[in-house]
Amino acid sequence: MTVLATLVPLQAVAFGLVALGAPLVVLTRDPLRQALVNGVYGVSLVCLFVVLEAPDPALSMLVVSGIAYPLVLLAAIARVRGEARRRRRLGRARSRPDRSGRR
Amino acid sequence: MSRRGRLALLGPALLGLGALLGWGVAGLPAFGHYRGPYGFVLDRIVVPLRHTTNVVMGTTFDVRGVDTMGEEFILYAAVLGVTLLLRSGERGRPGRQAGERLGTDGLRLLGVTMVGGGVLVGLWLAAFGYVTPGGGFQGGALVAGTILLLYLVGGRSAYAPFLAEAALDPLESLGAGGYVVIGLAALASGLPFLTNLLGLGTPGSLVSGGSIAALNWASALAVTVALLTLFAEFLETYVVPLARADEA
């Protein structure tokens, strides 16, 4: 309780968003949606850093979680899905697509 | 191992980890009560001694410049590892390039505009890193990320120059090695490694911080090219060219 009392409302909101976002990322099962949710979660962390007066880590977090990391994830997902689609078209795919993400 | 066996292992491990974590968190200083002294000392000495108004950059590129060199080489080693892993695999087939552009002209226009603006913001972040918040890492990552946007809006043909290993590899070495060379330059003139050699300049201007500016640009180059190399490997190995919206 002592910790809560020292928080400015804005800080409490930023902490709340982060606490809400983290489980959402974990609970999202579809990789593509997970990449997007992770990006939004990253932005909530950026807000937290800004509110806590740490602009340098906020900028790092912004470029890493907003640009670099999702792009690498999307590239990998695009490849995996493209392969799956190609296999389906060739009629070699199994009746249920493999959801584990492995080829 | 059976499911029960794994749970029997997990339970005590989780309990132990939880106890350690709880103990650690309980011992933390109260929220907003920084105990120092490192931060307080830096706050007082960096601007008078190094003339960088962004104390964070004065710290990362001067006070603990050797640590930053290590961090730069962590990224270098990571990209090297990815490259080695992916290059042994199957390469993307250059034959499948038809219809790789985005369908909507408006979206492409927006994308191209963002590439120009993003690169500019990235260069600004890197250039003014030691004056205002920002720095080589942030600026470099932004420049590389916005260049990748060119792939999404312009397709592989527009992005082709950034796939050229012959240009990327020497630039990466120049960035990563440049940092070390600046450090060695101090050693060569009889001073300790990474001593700030250049004139300190006026605080709050681009001509400030001495060697920090040079180290900052070296790491900006290293980060940009490291990410571009990473993207190039991923694009060549993993990505099937974008299909038009009506094709999917």
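See the structure printed just above.
The shown structure was predicted, so the numbers you read here are calculated from the model rather than taken from an experiment. (Residues numbered from 1 in each chain as written. Chains lettered and ligands numbered in written order. Predicted model: local features only at pLDDT ≥ 70, side-chain atom pairs only at ≥ 80, totals over all residues.)

**Some thoughts on the overall build of chain A**
Our working rule: By the criteria applied, helices consist of DSSP H or I runs no shorter than four residues and strands consist of E runs no shorter than two, each listed in order from the N terminus. To sort residues by burial, count the other C-beta atoms lying within 10 Å of each one's C-beta; a count of 20 or more means buried, 12 or fewer means exposed, and anything in between means partly exposed. C-beta atoms are built from the backbone. Residues are defined as contacting one another if the C-beta atoms placed from their backbone atoms lie within 7 Å.
Counting its regular elements, chain A contains four helices and zero strands. Reading the secondary structure of chain A in the N-to-C direction produces α-α-α-α. Looking at chain A as a whole, 13% of its 103 residues qualify as buried. For chain A, the proportion of contacts with a sequence separation of at least 24, taken over those separated by at least 6, is 44%.

**A word on the environment of Glu 165 of chain B**
Residue and element names in this part refer to chain B. On the secondary structure map, Glu 165 appears in helix α7 (residues 165-188). Taking the C-beta count within 10 Å as the criterion, Glu 165 has 14 such neighbours and is therefore assigned partly exposed. Between the C-alpha atom of Glu 165 and that of Arg 50, which follows or precedes it by 115 residues, the distance is 37 Å.

**Concerning the nonpolar core**
Here is the rule we go by: Throughout this description, the term nonpolar core refers to a group of buried Ala, Val, Leu, Ile, Met, Phe, Trp, Tyr and Cys residues whose C-beta atoms join them within 7 Å.
Ranked by size, the top nonpolar core spans 44 residues in total, and within it Ala 141, Ala 144, Ala 222, Ala 226, Leu 227, Leu 228 and Phe 231 of chain B carry the most contacts. Elements with a minimum of two residues in this core: α4 (55-89) of chain A together with α3 (55-63), α4 (65-87), α5 (105-127), α6 (136-159), α7 and α8 (211-237) of chain B. With 18 residues, the top contributor of residues to this core is α8 of chain B. Other than its neighbours up to four places away in sequence, Leu 227 of chain B contacts Ala 68 of chain A together with Ala 141 and Ala 144 of chain B.

**Observations concerning the packing of helix α2 (residues 9-27) of chain A against helix α3 (residues 31-51) of chain A**
Residue and element names in this part refer to chain A. Selection criterion: Interaxial angles span 0 to 180 degrees and are taken between N-to-C directions of axes, which are lines fitted to C-alpha atoms, for helices over the stretch in contact. Any angle that is under 35 degrees is reported as roughly parallel, and any over 145 degrees as roughly antiparallel; angles of 65 to 115 degrees are reported as roughly perpendicular and all others as oblique. Each crossing gets its handedness from the near helix: less than a right angle anticlockwise from the far helix is left-handed, clockwise is right-handed. Under the scheme applied, nonpolar residues are Ala, Val, Leu, Ile, Met, Phe, Trp, Tyr, Cys and Pro; charged residues are Asp, Glu, Lys and Arg; polar residues are all the others, including Gly.
Between α2 and α3, whose axes approach to 9 Å, the crossing angle comes to 160 degrees. Relative to α3, α2 is oriented roughly antiparallel. The two elements α2 and α3 cross, and the hand of that crossing is left-handed. Across the interface between the two elements, Leu 10, Gln 11, Ala 14, Phe 15, Leu 17, Val 18, Gly 21, Ala 22, Leu 24 and Val 25 of α2 pack against Gln 34, Val 37, Asn 38, Val 40, Tyr 41, Ser 44, Leu 45, Cys 47, Leu 48 and Val 51 of α3. In terms of residue class, the contact of α2 with α3 is made up of 15 nonpolar, five polar and no charged.

**Some details on α5 of chain B**
Because the α-helix completes a turn every 3.6 residues, residues three or four places apart line up on one side. Stated precisely, the cut-off is as follows: Between the first and last residue of a helix there are one fewer steps than residues, each counted as 1.5 Å, and that sum is the expected span.
In a regular helix each residue adds 1.5 Å, so 23 residues correspond to 33 Å; α5 of chain B covers 33 Å between its end C-alpha atoms and thus fits that length. Listed as buried for α5 of chain B are Gly 118, Val 119, Gly 122, Leu 125 and Ala 126 of chain B.

**Re the environment of Ala 214 of chain B**
With respect to the element layout, Ala 214 of chain B can be found in helix α8. On the basis of neighbour counts, which here come to 19 C-beta atoms within 10 Å, the residue Ala 214 of chain B falls in the partly exposed class.

**Thoughts on the packing of α6 of chain B against α8 of chain B**
Residue and element names in this part refer to chain B. Running from N to C, α6 and α8 cross one another at 30 degrees; their axes reach a closest spacing of 8 Å. Here the hand of the crossing between α6 and α8 comes out right-handed. Between α6 and α8, the contacting residues are Gly 136, Phe 137, Gly 139, Gly 140, Ala 141, Val 143, Ala 144, Ile 147, Leu 148 and Tyr 151 on the first element and Asn 216, Trp 217, Ser 219, Ala 220, Val 223, Thr 224, Leu 227, Leu 228, Phe 231 and Leu 235 on the second. By residue class, the composition of the contact of α6 with α8 is 14 nonpolar, six polar and no charged.

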